[in-house]
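Breakdown of the fold
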Amino acid sequence: MTLSTVPFALVVDDDPLILMDTTIILEEAGFRVHEAMDGDEARGVLAEHWESIVLLFSDVDMPGSTNGFTLARHVDEQWPHIEIVIASGHVLPEEGDMPARATFISKPFNARMVHQHLAQTLPDEKKPEPLAKAI
């Protein structure tokens with residue numbers, strides 16, 4: 001797999017440590033990663049890089065006008081090719097909070113949990129090589 005074929009993920013979290021940890025976890029899974037500290041910043045990253053992003057991995061509770069659920073619905077409407085994973089340690093999604101195709105993972109999570117979740121939920125063609133081989 002060449003660098004140009006390595007898929008991008010967008011990680012969105014307002015906690016710098018969780019953002020860094022999640023970025024590392026996704027890089028270990030084989031993704032290149034864009035980062036955003038809130039939903040509003042994520043919208044800007046998506047507007048610029050939507051063609052190369054195959055995964056949105058977002059927290060729910062963030063400052064600004066766009067929380068993780070709102071961001072997930074926006075991505076679902078604008079870029080249906082982007083897979084969506086929502087994470088939270090405080091909020092459980094209720095009916096209608098997330099798009100039907102989005103998945104949820106509880107915090108705290110670790111690399112094994114995230115890798116297993118992605119291996120089970122991502123379509124094969126969107127799995128980076130290390131994640132596909134881990135199955």
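Look a little higher up for the structure.
Residues numbered from 1 in each chain as written. Predicted model: local features only at pLDDT ≥ 70, side-chain atom pairs only at ≥ 80, totals over all residues. Heavy atoms only, no water.

Aromatic ring pairs are described here by two measures, namely the spacing of the ring centres and the angle between the planes. Considering all chains together, one arrives at one aromatic pair under this definition. With a centroid separation of 5.5 Å and an interplanar angle of 75°, the aromatic rings of F57 and F109 are classed as edge-to-face. Linking F57 in strand β3 (residues 53-59) with F109 in the loop between β5 (103-106) and α4 (111-121), this pair joins segments that are 52 residues apart in sequence. Across the pair, F109 and F57 agree in class, each one buried. (Phe/Tyr/Trp six-rings, centres within 6.5 Å; stacked < 30°, edge-to-face > 60°. Helix = DSSP H or I, 4+ residues; strand = E, 2+ residues; numbered from the N terminus. Buried < 20%, exposed > 50% of the residue type's maximum accessible area, 1.4 Å probe, protein only.)

Moving on, we get to the side chain of T103. Within the element layout of this structure, T103 appears in strand β5. Within the structure, the side chain of T103 is placed 2.8 Å from the side chain of H117, a separation counted as a polar contact. (Polar contact = N/O pair within 3.5 Å; in protein donor to acceptor, adjacent residues only side chain to side chain.)

With their axes 10 Å apart at the nearest point, helix α2 (residues 39-49) and helix α3 (residues 68-78) run at an angle of 20° to one another. Between α2 and α3, the angle falls in the class roughly parallel. α2 and α3 meet at a crossing whose hand is right-handed. In this structure, α2 uses G39, A42, R43 and L46 to contact α3, whose residues at the interface are T70, L71, H74 and V75. Of the residues belonging to the contact of α2 with α3, the class tally is four nonpolar, three polar and one charged. (Axes fitted to C-alpha atoms, helices over the stretch in contact; angles between N-to-C directions. Parallel < 35°, antiparallel > 145°, perpendicular 65-115°, else oblique. Left-handed = near helix turned anticlockwise from the far one by under 90°. Contact = heavy atoms within 4.5 Å. Nonpolar A, V, L, I, M, F, W, Y, C, P; charged D, E, K, R; others polar.)

Right, let's get into the pattern of salt bridges. Under the defined criterion, the tally for this structure stands at six salt bridges. A salt bridge links K126 to E83; its shortest N-O distance comes to 2.9 Å. Remark: E83 occurs in strand β4 (residues 83-88) and K126 occurs in the loop between α4 and α5 (129-133); sequence separation between them is 43 residues. Neither residue differs from the other here; K126 and E83 are each classed as buried. (Salt bridge = Lys/Arg side-chain N within 4 Å of Asp/Glu carboxyl O.)

The next subject is α4. Given 3.6 residues to a turn, an α-helix orients residues that are three or four positions apart in the same direction. Restricting attention to buried positions, one finds in α4 the residues V114, H117, L118 and A119. Packed against the buried residues of α4 are α1 (16-28), β3, β4, β5 and α5. The N-cap residue of α4 is N110: its side-chain oxygen and the backbone nitrogen of R112 are 3.1 Å apart.

Okay, empty space enclosed by the protein next. Applying the stated criterion across every chain yields a total of one cavity of 30 Å³ or more. Within the residue set of the lining of the largest cavity, elements represented by two or more residues are β1 (8-12), α1 and β3. In terms of residue count, β3 provides more of the lining of the largest cavity than any other element does, three residues in total. Grouping the amino acids of the lining of the largest cavity by side-chain chemistry returns six nonpolar, two polar and three charged. (1 Å grid on protein atoms, 1.4 Å probe; cavity = no way out; pocket = protein on both sides within 12 Å on 5 of 7 lines; lining within 4 Å. Points joined across faces, edges and corners; volume = space filled by probe spheres on them.)

So far we have only geometry, and geometry alone does not tell us how the molecule works.
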